[in-house]
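Next come the chains, spelled out residue by residue.
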Amino acid sequence: MARRDGPGVWWQLLEFMGMTWPGRKGAPPPPDGPPCPACGNPTEVGEDGRARCPHHPNATIDPQG
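Residues numbered from 1 in each chain as written. Predicted model: local features only at pLDDT ≥ 70, side-chain atom pairs only at ≥ 80, totals over all residues. Heavy atoms only, no water.

A.B. asks: Explain the side chain of threonine 43 to me, please; I cannot follow it from the model alone.
C.D. replies: Among the structural elements, threonine 43 can be located in strand 2 (residues 42-45). A distance of 2.7 Å separates a polar atom in the side chain of threonine 43 from the backbone oxygen of proline 34. The residues touching threonine 43, leaving out its near neighbours within four places in the chain, are Asp32, Gly33, Pro34, Pro35, Cys36, Ala51, Arg52, Cys53 and Ile61. (Helix = DSSP H or I, 4+ residues; strand = E, 2+ residues; numbered from the N terminus. Polar contact = N/O pair within 3.5 Å; in protein donor to acceptor, adjacent residues only side chain to side chain. Contact = heavy atoms within 4.5 Å.)

A.B. asks: I'm lost on a nonpolar patch on the surface in this one. Help?
C.D. replies: Together, Trp10, Leu13, Phe16 and Met17 make up a nonpolar patch on the protein surface, roughly 590 Å² of accessible area in all. For phenylalanine 16, the location among the structural elements is in helix 1 (residues 9-17). (Patch = residues over 30% accessible without salt bridge, like charges linked within 9 Å, V, L, I, M, F, W, Y side chains within 5 Å. Areas by Shrake-Rupley, 256 points an atom, 1.4 Å probe, with all protein chains shown as cover. Salt bridge = Lys/Arg side-chain N within 4 Å of Asp/Glu carboxyl O.)

This is how it looks when you write it as structure tokens:
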């Protein structure tokens, strides 16, 4: 039997009772980079793979954390 993407009759009954359909999980959020040495906040990893702090763009960030 093929897998169905949506709720069936039983899920519709459970939704009527107050439960919700779990659906599919979205893509995981991008991982945080190492902490910024200037402020300690997690950095953002760019498309090139380098970590950058949005508040301190000139900070030297250690890739190992």
